[in-house]
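# Fold and geometry: a report
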Amino acid sequence: MLTERSPGSRAFDALNIAFLLLLTLTCVLPIWYTLCVSLSDKSAVAAGAVTLWPVGLTFASYNQIVGDAHFYSAFLTSVKRVLLGTAVSMVCVTMCAYPLSKTNREFPGRGALMWTLLFCMLFSGGLVPWYTTMLKLGMRNNIWGLVLGNSLPMFNVVLVMNFFRNLPREMEEAAVVDGAGAWYIFLRICLPVSLPVLATVTLFTAVYHWNEFFNGLVLTTKTQFYPLQTYIQQLVVQIDTTTMSEDQLKRLSLMSNQTLNAAKLFIAMVPVLLLYPFLQKYFIHGITIGSVKE
């Protein structure tokens, strides 16, 4: 039997919905504004006339990006970095988290190793030693410097480790009785049932590699090796007008660096925005279970 809700409860629901709508707008409006700027006439953008709708609708900025070879190169570099970096990082994270999820009796020395890794997470060796090490390993001006520079984030290791520790011990004990070894248990039992936390960590890693620009800034000395976010962070637009036709010069007059950079920023956001909906159902479940040890 349904009971009538009190006025206080309905008022709380209304305030909660209003707060969530306001929070949603603060996340959506910057993205929408960037799109509006990228589609607006440069004079309207310079005058600050663009608010919630494009002014003087034009696709000149996107037409310019289509012919920007450096943008395509940076985009492709970021795609390769996300694919390779996420794969390498997930292998390193899961193989580190699984033994750390065991007890000290099962894995002697676990405590000392865990504290060492946590210390390294809280206190890094510094930028100069890191850069010197990467330089000596030949990690400059190639994709592997971007992939291997941060391939073992301890925050992700802790999430996956705590998820493994919450798995029923009976599953592993039954597998051991049946003669399964450590690798079989890890690959065929623990990983398949850990999909929520693995999807969450995969999302964290992919977004990190897509959005990170500093490693690309210090490990690459040539523009053609820049990942997308490093290329955008530079915000350097070099347009050769000497070889342009009259039609191209007319299109160029409709845009500015601000509208062109807004178009690049919006295009850079699209892959991440498309990725979240597919992993959303795992996100809360994985981060909640992997964050606390019962």
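Our subject is the structure listed above.
I will try to describe carefully the structure that is included in this document. (Residues numbered from 1 in each chain as written. Predicted model: local features only at pLDDT ≥ 70, side-chain atom pairs only at ≥ 80, totals over all residues. Heavy atoms only, no water.)

## Points about a nonpolar patch on the surface
This is how the line gets drawn: Candidates for patches are residues over 30% relative accessible area with no salt bridge; among them, like charges are joined within 9 Å and nonpolar side chains (Val, Leu, Ile, Met, Phe, Trp, Tyr) within 5 Å. Surface exposure here means Shrake-Rupley accessible area, sampled with a 1.4 Å probe, where a residue is shielded only by the protein chains that are shown. Salt bridge, as used here, is a side-chain nitrogen of Lys or Arg placed within 4 Å of a carboxyl oxygen of Asp or Glu. Strands are runs of DSSP state E lasting at least two residues, helices are runs of H or I lasting at least four, and both sets are numbered from the N terminus onward. Any residue under 20% of the maximum accessible area for its type is buried, any over 50% is exposed, and the rest in between are partly exposed; the area is computed with a 1.4 Å probe on protein chains only.
Taken together, the side chains of Leu25, Val28, Leu29, Trp32, Leu52 and Trp53 make up a nonpolar region of the molecular surface, amounting to roughly 610 Å² of accessible area. In this structure, Trp53 sits in the loop between α2 (42-46) and α3 (60-66). Judged by its relative accessible area of 60%, Trp53 falls in the exposed class.

## Topic: the environment of Ser38
Formally: Any two residues whose heavy atoms approach within 4.5 Å are treated as being in contact. N or O atoms closer than or at 3.5 Å make up a polar contact, with two conditions inside protein: a donor-capable atom paired with an acceptor-capable one, and, for residues adjacent in sequence, both atoms drawn from side chains.
Examined against the element boundaries, Ser38 turns out to sit in helix α1 (residues 7-38). With a relative accessible area of 1%, Ser38 lands in the buried category. The sequence separation of Ser38 and Leu260 amounts to 222 residues, and the corresponding C-alpha distance is 6.3 Å. Beyond its immediate stretch of four places on either side in the chain, Ser38 contacts Thr58, Ser61, Tyr62, Thr259, Ala262 and Ala263. Only 2.7 Å separates the side chain of Ser38 from the side chain of Tyr62, close enough to count as a polar contact.

## Here we look at the packing of aromatic side chains
This is how it is decided: A pair of Phe, Tyr and Trp rings is counted when the ring centres sit within 6.5 Å of each other, with Trp represented by its six-membered ring. The angle between the planes then sorts it: under 30 degrees is stacked, over 60 is edge-to-face, the rest tilted.
Evaluation of the coordinates by the stated rule reveals nine aromatic pairs. Relative to Phe186, the ring of Tyr98 lies with its centre 5.0 Å away and its plane at 45°, an arrangement referred to as tilted. Highlighted residues: Tyr98 in helix α4 (residues 69-100) and Phe186 in helix α10 (residues 182-190), separated in sequence by 88 residues. Both residues of the pair, Tyr98 and Phe186, belong to the buried class. Centroid distance Phe155 to Phe204: 6.3 Å. Interplanar angle 40°. Geometry classified as tilted. Of this pair, Phe155 sits in helix α8 (residues 154-166) while Phe204 sits in helix α11 (residues 195-211), placing them 49 residues apart in sequence.

## Quick notes on the nonpolar core
So the rule is basically this: To form a nonpolar core, buried Ala, Val, Leu, Ile, Met, Phe, Trp, Tyr and Cys residues must be joined to one another through side-chain atoms within 4.5 Å.
Residues Leu100, Val157, Val160, Phe164, Ile185 and Val197 are the most contacted members of the largest nonpolar core, which totals 26 residues. For this core, the elements supplying multiple residues, two or more each, are α4, α5 (110-122), α8, α10 and α11. Looking at which element gives the most residues to this core, the answer is α8, with seven residues. Core analysis: the next-biggest nonpolar cluster, separate from the first, contains 20 residues, Tyr62, Trp210, Leu228 and Phe266 among them.

## Looking at the state of the cysteines
To be explicit about the condition: Any pair of cysteine sulfurs within 2.5 Å is marked as a disulfide.
This structure, assessed with the given rule, holds zero disulfides. We note that Cys96 lacks a disulfide partner, and the nearest cysteine sulfur, in Cys92, lies 8.7 Å from it.

## A closer look at the packing of α5 against α8
Helix-helix packing is characterised by the crossing angle of the two axes and by the distance between the axes. Cut-off, in case you're wondering: Whenever a helix is involved, its axis is fitted only over the stretch in contact; in every case the axis is a line through C-alpha atoms, and angles between N-to-C directions fall within 0 to 180 degrees. Each residue receives one of three labels: charged for Asp, Glu, Lys and Arg, nonpolar for Ala, Val, Leu, Ile, Met, Phe, Trp, Tyr, Cys and Pro, and polar for the others, Gly being one of them.
Remark: α5 packs on α8, axes separated minimally by 10 Å, with the N-to-C direction vectors making an angle of 145°. Along its contact with α5, which presents Arg110, Met114, Leu117, Leu118 and Met121, the element α8 presents Met154, Phe155, Val158, Met161 and Arg165. The class makeup of the residues in the contact of α5 with α8 is eight nonpolar, no polar and two charged.

## Topic: α10
Spelled out, the test is: This arc is built from the directions going out from the helix axis to the C-beta atoms.
Of the residues making up α10, those classed as buried are Ile185, Phe186, Ile189 and Cys190. For α10, the angular spread of buried residues about the axis comes to 115°, placing them on one side. For α10, the exposed residues set more than 90 degrees away from the buried face come down to Trp183 and Arg188. Close packing links the buried residues of α10 with α4, α8 and α9 (169-177).

## As for the pattern of salt bridges
Under the counting rule described, the total for this entry stands at three salt bridges. A salt bridge links Arg81 to Glu212; its shortest N-O distance comes to 2.7 Å. Here the residue Arg81 occupies a position in helix α4, and Glu212 occupies one in the loop between α11 and α12 (214-219), the gap between them amounting to 131 residues. Under the relative-accessibility criterion, Glu212 is labelled buried at 11%. We note a salt bridge from Glu106 to Arg169, for which the minimum N-O separation is 2.6 Å. Separated by 63 residues along the polypeptide, Glu106 in the loop between α4 and α5 and Arg169 in helix α9 bring together distant segments of the chain. Arg169 gets classed as partly exposed once you look at its relative accessible area, which sits at 31%.

## Things to note about the side chain of Lys102
Residue position: Lys102 is located in the loop between α4 and α5. For Lys102, the side chain forms a polar contact with the side chain of Glu172, separated by 2.5 Å. Excluding its chain neighbours within four sequence positions, the residues that come into contact with Lys102 are Phe107, Arg110, Arg169 and Glu172.

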